[in-house]
Amino acid sequence: MGFNSFETLKLIPYEEKYRNAIANYDLPKEQAIYTSYPIEALEQIECEQELPVLILLENDVIGFFILDGRTKGNLYTNNKNAIVFKSFSIDQRFQGRKLGEQSINILSSFTKKMMANKNEIILTVHHTNIPAIHLYRKCGFIDKGIRYSGEHGDELVFHYEI
């Protein structure tokens, strides 16, 4: 199924009424090595500077990510106005429809609306996650050559100015 122009994709802060959808989220194990299951990511949120976000298509939860606005302990930049985009995924049942790309393309305007003081989005991507690397580059993220040694190997640090 392709994306239908009549369908509306939107980003919203997590709401408890969607907990069941998050609990039934379908993420293949081979993709889960690069991200977190949404229900687990929700449970690991430590403070209010971490904003869990749902990607909705009409009223269906089709994706999830967290915007981490904590300035203390940000290992990837000295920019105090940067936000970290993490735990991004699209439910397997909705993959292959360019919905991840569309979500990322509206990310900067959503971030500005939710956290007006932020001027940069940062993410890390595992060096072996080639589809994600291509997606982030296609959506305007820039690899400035910064590397981070993650738990499972090298992570590329991508930047996007907003």
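Preceding this paragraph is the structure being described.
In this text, all values refer to a predicted model and were calculated from it rather than measured experimentally.

Novice: Teacher, can you tell me more about the overall build of the chain here?
Specialist: Along its length, the chain carries six helices and seven strands. Written out in order from the N terminus, the α and β elements of the chain read β-α-α-α-β-β-β-α-α-β-α-β-β. Over its C-alpha trace the chain gives a radius of gyration of 15 Å, about what one expects of a compact globule, namely 15 Å for 162 residues. Counting only C-alpha atoms and orienting by the principal axes, one finds that the chain spans roughly 40 × 30 × 30 Å. Buried residues in the chain amount to 46% of all 162 residues. Sequence separation of at least 24 residues holds for 63% of the intrachain contacts in the chain that already meet a minimum separation of 6. Carbon and sulfur atoms make up 48% of the accessible area of the chain, which totals about 8,900 Å². Across the chain, the mean location of the 18 positive side-chain charges is 5 Å away from that of the 21 negative side-chain charges.

Novice: Would you explain the packing of aromatic side chains in this entry?
Specialist: How two aromatic rings sit relative to each other is set out by the distance from centre to centre and by the angle between their planes. As enumerated under the stated definition, the model contains eight aromatic pairs in all. Centre to centre, the rings of tyrosine 136 and phenylalanine 158 are 6.4 Å apart; their planes meet at 65°, and the pair counts as edge-to-face. A residue pair is termed long-range when its members are at least 10 positions apart, and tyrosine 136 in helix 6 (residues 130-138) and phenylalanine 158 in strand 7 (residues 153-161) qualify at 22 residues. With a relative accessible area of 8%, tyrosine 136 lands in the buried category. A relative accessible area of 0% means that phenylalanine 158 is categorised as buried.

Novice: I keep staring at the pattern of salt bridges and nothing clicks. Help me out?
Specialist: A pair can form between side chains of opposite charge whenever their charged atoms are brought close. For the structure on display, the rule yields 12 salt bridges. Linking arginine 19 and glutamate 16 is a salt bridge whose minimum nitrogen-to-oxygen distance equals 3.8 Å. The partner of lysine 86 in a salt bridge is aspartate 68, with the nearest N and O atoms 3.0 Å apart. Residue lysine 86 is found in strand 4 (residues 82-90), and its partner aspartate 68 is found in strand 3 (residues 60-68); the two are separated by 18 residues along the sequence. Owing to a relative accessible area of 25%, lysine 86 belongs among the partly exposed residues under this scheme. Ionic contacts of the salt-bridge type, sharing partners, join the residues Glu46, Glu50, Asp68, Arg70 and Lys86 into one network.

Novice: Would you mind going over unusual backbone geometry with me for this structure?
Specialist: Glycine aside, negative phi is the norm for most residues, and most peptide bonds take the trans geometry. One non-glycine residue with positive phi stands out, namely serine 87, at about 60°. Secondary-structure assignment places serine 87 in strand 4. Judged by relative accessible area, serine 87 falls into the buried class, the value being 15%. Even without being a glycine, lysine 98 presents a positive backbone phi close to 65°. Relative to the helices and strands, lysine 98 resides in the loop between strand 4 and helix 4 (99-105). Overall, the relative accessible area of 54% leaves lysine 98 in the exposed class.

Calculation criteria
Each chain carries its own residue numbering, running from 1 in the direction its sequence is written. The predicted nature of this model means local features are confined to residues of pLDDT at least 70 and side-chain atom pairs, given and counted, to a pLDDT of 80 or more, with totals for whole chains, interfaces and linings taken over all residues. Computation of side-chain values: all heavy atoms of the structure, hydrogens and water removed. Only DSSP runs of H or I covering at least 4 residues are called helices, and only runs of E covering at least 2 are called strands; the numbering of each starts at the N terminus. Radius of gyration: C-alpha atoms only; globule rule: 2.2 Å multiplied by the number of residues to the exponent 0.38. Relative accessibility under 20% of the residue-type maximum defines a buried residue, over 50% an exposed one, and the middle range a partly exposed one, all with a 1.4 Å probe and only protein chains included. The contact criterion used is simple: two residues touch if any of their non-hydrogen atoms lie within 4.5 Å. Computed with a 1.4 Å probe, the accessible areas rest on the Shrake-Rupley method; for each residue, only the protein chains presented here act as cover. Positive charges come from Lys and Arg alone, negative charges from Asp and Glu alone, with His and the N- and C-terminal ends not counted. For this purpose, a charge sits on NZ of Lys, CZ of Arg, CG of Asp or CD of Glu. Stacked, tilted and edge-to-face are the three classes assigned to paired rings of Phe, Tyr and Trp, where Trp is represented by its six-membered ring and a pair needs centres within 6.5 Å; plane angles under 30 degrees give stacked, over 60 edge-to-face, the rest tilted. Salt bridges are counted wherever a side-chain nitrogen of Lys or Arg sits within 4 Å of a carboxyl oxygen of Asp or Glu.

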